[in-house]
Amino acid sequence: MNKSARLCVSLLALVTAPAFAGVRTTSKSTAEDCKARMQRLDASKAEGEERLAEKNEVIAFCTSQYKRDKTIGQLVAECTKYEEQPVVKQQFVAECQLAAFNYANALRSLKAQYRK
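Residues numbered from 1 in each chain as written. Predicted model: local features only at pLDDT ≥ 70, side-chain atom pairs only at ≥ 80, totals over all residues. Heavy atoms only, no water.

Student: Help me out: how do you make sense of the state of the cysteines in this one?
Tutor: Note: disulfide means a covalent bond formed between the sulfur atoms of two cysteine side chains. Scanning the entire structure with this criterion turns up two disulfides. In this model, Cys34 is linked to Cys62 through a disulfide, with the two sulfur atoms separated by 2.0 Å. What sets the handedness of the Cys34 and Cys62 disulfide is the S-S torsion sign, and at about 105 degrees it is right-handed. With a gap of 28 residues between them, Cys34 in helix 2 (residues 28-43) and Cys62 in helix 3 (residues 48-65) connect regions that are remote in the sequence. Exposure remark for Cys62: the relative accessible area of 0% places this residue in the buried category. Across a sulfur-sulfur distance of 2.1 Å, Cys79 and Cys96 are joined as a disulfide pair. In this structure, the disulfide formed by Cys79 and Cys96 twists by about -70 degrees around the S-S bond and is classed as left-handed. Remark: Cys96 occurs in helix 5 (residues 87-115) and Cys79 occurs in helix 4 (residues 70-80); sequence separation between them is 17 residues. The connectivity of the disulfide bonds within the protein chain can be written as 1-2, 3-4, using the sequence rank of each bonded cysteine. (Disulfide = S-S within 2.5 Å. Helix = DSSP H or I, 4+ residues; strand = E, 2+ residues; numbered from the N terminus. Buried < 20%, exposed > 50% of the residue type's maximum accessible area, 1.4 Å probe, protein only.)

What follows is the structure, encoded as structure tokens:
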């Protein structure tokens, strides 16, 4: 099995794990801050190394916001196992990590919706 397939299987296993059990949530504004930064990143037209730098800034911010969420931490850590030096590989790792935070934002939105 190649690295990409192992990564997808690992992420799928983590995502389908009981994500609601024992996960601490942070304030609503925390998730919105990470979500807003990800939306700005999606709207960005930057490419190459400039795009990677933007992604890394968002990852650093979201990491600090979700530092107590062990499930998201595991998803992000799983992505870094495949980090290599070429920019193309770094872009893939960054996309993987951003997908983990996107999952966290969606999960928080669903939890907030069901609390109403």
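Student: Help me understand helix 3 in this model?
Tutor: Two residues of an α-helix separated by three or four positions point the same way, owing to the 3.6 residues in each turn. Its 18 residues place the ends of helix 3 26 Å apart at the C-alpha level, agreeing with the 26 Å of an ideal helix rising 1.5 Å per residue. Within the span of helix 3, buried status applies to Arg51, Leu52, Lys55, Val58, Ile59, Phe61, Cys62 and Gln65. (Expected span 1.5 Å × (residues − 1).)

Student: Would you mind going over the layout of surface pockets with me for this structure?
Tutor: The method is simple in principle: a probe with the dimensions of a water molecule rolls over the atoms, and the space it marks as empty is what remains. Approximately 220 Å³ is the volume found for the second largest pocket. Lining the second largest pocket are 13 residues, and of these Met38, Gln39, Asp42, Leu98 and Asn102 sit closest to its centre. Here the residues of the lining of the second largest pocket sort into five nonpolar, four polar and four charged. (1 Å grid on protein atoms, 1.4 Å probe; cavity = no way out; pocket = protein on both sides within 12 Å on 5 of 7 lines; lining within 4 Å. Points joined across faces, edges and corners; volume = space filled by probe spheres on them. Nonpolar A, V, L, I, M, F, W, Y, C, P; charged D, E, K, R; others polar.)

Student: How do you make sense of the side chain of Lys55 when you look at a structure like this?
Tutor: Along the polypeptide, Lys55 turns up in helix 3. Residue class for Lys55 comes out buried when judged on its relative accessible area of 4%. Excluding residues within four positions of it along the chain, Lys55 makes contact with Leu41, Gln91, Ala94, Glu95 and Leu98. (Contact = heavy atoms within 4.5 Å.)

Student: Just checking my understanding: could you explain the environment of Glu95 for this structure?
Tutor: Checked against the element boundaries, Glu95 lands in helix 5. The exposure class assigned to Glu95 is partly exposed, which follows from its relative accessible area of 38%. As a C-alpha pair, Glu95 and Cys79 span 16 residues in sequence and 8.9 Å in three-dimensional space.

Student: So what exactly am I meant to see when it comes to the pattern of salt bridges here?
Tutor: Pairs may arise between side chains of opposite charge once their charged atoms sit close together. According to the stated counting rule, one finds two salt bridges in the structure shown. Across the pair Glu95 and Lys55 runs a salt bridge, and its minimum N-O distance is 2.6 Å. Of the two residues, Glu95 is situated in helix 5 and Lys55 in helix 3; the sequence distance between them amounts to 40 residues. A salt bridge links Arg108 to Asp69, with the nearest nitrogen and oxygen atoms 3.3 Å apart. Of this pair, Arg108 sits in helix 5 while Asp69 sits in the loop between helix 3 and helix 4, placing them 39 residues apart in sequence. Across this residue pair, the class does not change: Arg108 and Asp69 are buried. (Salt bridge = Lys/Arg side-chain N within 4 Å of Asp/Glu carboxyl O.)

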